[in-house]
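# Fold and contact review
For reference, the chains in residue letters:
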Amino acid sequence: MIPISIPLLGDEEKQAVLEVLDTGQLVQGARVAAFEEAFASFCGVRHGVATSSGTSALQAAVLAQGIGPGDEVITSPFTFIASANAVLFAGAKPVFVDIDERTYNLDANLTEAAITPRTRAILPIHLFGHPCDMAAIMDIAARHGLAVIEDACQAHGATVNARKVGSFGVGCFSFYATKNCTTAEGGLITTDDDELADRARLIRNHGQRQRYYHEAIGYNFRMTELQAAIGLVQLGKLERFTAARRANAEYLSQRLEGVIVPHEAPGCRHVYHQYTIRVPHGRDELATHLRERGIATGVYYPLPVHKQVAYQRLGYTDHLPVAEKVCREVLSLPVHPALTHEDLDNIVKGVNTGWS
Ligand SMILES: Cc1ncc(COP(=O)(O)O)c(C=O)c1O
């Protein structure tokens, strides 16, 4: 079976982990600091704050902005649930705005109308590795005095006019096992704002600057040295991985027939965390057909966040037609760097023949 995604770890990562085990320092030491510096520099910002996951990075970023009960944060419903949950965890309310049908990201044209006196921030998600319309979002945020928290969990190295995502607002990245760059589990906040970085560092480590002196209420969102050691090696490979993902995506897009292939907006660099096509009729039949031919696929995501039972229980009754339609039509195909030419040709043949 050609897997939909796969962690790409080699001997260097294994060696790096073994070296940590010999040091006796397992959590938040020199390797975490080096990883923070390296990833911040990769994104073109001054600070990196490593965390235990993308979810905790988002949660710490929302809290570090001082967002809390009574506040609203505008975000997309077409995402992994963690994006919106980060707002709920702070006691604030996620307000969902529909998406752009081509990029699958927050529709900047609908965003301004959703602003109320309670709105504190916009939380755009660079879904599947395609950057959001950051020029429009930063403009709206500046005019209304709102913070911008970028969910870049799927978009390591994606750019808008050569500027990396995670450098526009406060960036939140995930290094989960199948992400473009992994530490098994892990996350990181990127920012140029000294005070915000300081608050995020306090939140991630029980509000303590000095051990057992707590100046804020925080969490244990720390990254281990083992994770950071893997991350440092992976970061060195990321550009090569991204080039392979982009080449695989281009190969597929030039050959697939009868489906809607991913869009890359002008000036944007898509990093293809997922290669997501749309199948207006027969998505599930195509997925079955591909599985029978040894090709795994994924539906990211079958239900938008506002339609999840957990959110219905909170009283969400929104109707967001584009997100709801897209959830019925999307299918992600393998695009990861481990694909061979034979794999790619099998995917093309599988999609182009025998199911519709
Ligand atoms: C868009 C998005 N946001 C947030 C997260 C949460 O990241 P993590 O799984 O590292 O907690 C993920 C990862 O699955 C994600 O894809």
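### Some remarks on the environment of Gln308
- Mapped onto the fold, Gln308 is located in the loop between helix H9 (283-292) and helix H10 (309-312).
- Accessibility expressed as a relative area gives 26% for Gln308, which makes it partly exposed.
- For the pair Gln308 and Ile230, spaced 78 residues apart in sequence, the C-alpha separation works out to 34 Å.
- Ignoring sequence-local partners within four residues, the contact set of Gln308 consists of Ile81 and Leu303.

### Examining the nonpolar core
- With 43 residues, the main nonpolar core has Phe78, Leu123, Ile149 and Ile189 as its most contacted residues.
- For this core, the elements supplying multiple residues, two or more each, are helix H3 (54-64), helix H4 (82-89), strand E4 (119-123), strand E5 (147-151), strand E8 (170-174), helix H7 (194-204) and helix H11 (321-329).

### Digging into the site of the ligand
- The immediate surroundings of the ligand are formed by 15 residues, with Gly54, Thr55, Asp151, Gln154 and Ser174 found nearest.
- Between a nitrogen atom of the ligand and a side-chain N or O atom of Asp151, the distance comes to 2.7 Å.
- Taking Gln154, its side chain carries an N or O atom lying 2.8 Å from an oxygen atom of the ligand.
- In isolation the ligand offers 390 Å² of accessible surface; the protein chains occlude 91% of this area.
- For the shell around the ligand, the secondary-structure elements that each account for two or more residues are H3 and H4.
- Among the residues making up the shell around the ligand, the classes are represented as 5 nonpolar, 8 polar and 2 charged.

### Here's the deal with the sheet that holds strand E6 (residues 159-160)
- Read across the sheet, 3 strands follow the order E7-E6-E12 without closing on themselves; strand pairing throughout is antiparallel. Either end of the sheet is taken by a strand with one partner, and the two such strands are strand E7 (163-164) and strand E12 (268-269).
- Examined bridge by bridge, E6 and E7 share 2 bridges and lie antiparallel to one another. Paired with Val160 across the bridge in E7 is Arg163.

### Focus: the side chain of His270
- Of note, His270 is situated in the loop between E12 and strand E13 (275-278).
- Since its relative accessible area comes to 3%, His270 is described here as buried.
- Those residues within four positions of His270 in sequence are excluded, and the remaining contacts are Phe128, Gly129, His130, Arg246, His263 and Glu264.

### Looking at the state of the cysteines
- Under the definition given, this model contains 0 disulfides.
- Cys132 carries a free sulfur, and the closest cysteine sulfur to it, the one in Cys268, is 9.1 Å from it.
- Lacking any disulfide linkage, Cys153 is separated from the closest cysteine sulfur, that of Cys172, by 6.6 Å.
- The buried category is assigned to Cys153, whose relative accessible area is 9%.

### As for the packing of aromatic side chains
- Applying the stated criterion across every chain yields a total of 16 aromatic pairs.
- Between Tyr311 and Tyr316 the ring centres are 5.4 Å apart and the planes differ by 55°, which places this aromatic pair in the tilted class.
- Taken together, the ring pairs in this structure connect Phe78, Phe80, Tyr104, Phe128, Tyr300 and Tyr301 into an aromatic cluster.
- A cation over a ring is seen here: Arg163 above Phe168, with NZ or CZ 4.3 Å from the ring centre.
- One Lys or Arg, Arg255, reaches over the ring of Tyr251 and ends 3.6 Å from the middle of that ring.

Definitions and cut-offs
Residues numbered from 1 in each chain as written. Predicted model: local features only at pLDDT ≥ 70, side-chain atom pairs only at ≥ 80, totals over all residues. Heavy atoms only, no water. Helix = DSSP H or I, 4+ residues; strand = E, 2+ residues; numbered from the N terminus. Buried < 20%, exposed > 50% of the residue type's maximum accessible area, 1.4 Å probe, protein only. Contact = heavy atoms within 4.5 Å. Core = buried A, V, L, I, M, F, W, Y, C linked by side-chain atoms within 4.5 Å. Near = heavy atom within 4 Å. Polar contact = N/O pair within 3.5 Å; in protein donor to acceptor, adjacent residues only side chain to side chain. Areas by Shrake-Rupley, 256 points an atom, 1.4 Å probe, with all protein chains shown as cover. Nonpolar A, V, L, I, M, F, W, Y, C, P; charged D, E, K, R; others polar. Pairing = 2+ DSSP bridges. Disulfide = S-S within 2.5 Å. Phe/Tyr/Trp six-rings, centres within 6.5 Å; stacked < 30°, edge-to-face > 60°. Lys NZ or Arg CZ within 6 Å of the ring centre and 35° of its normal.

Scope: geometric values only; no functional claims are made or implied.
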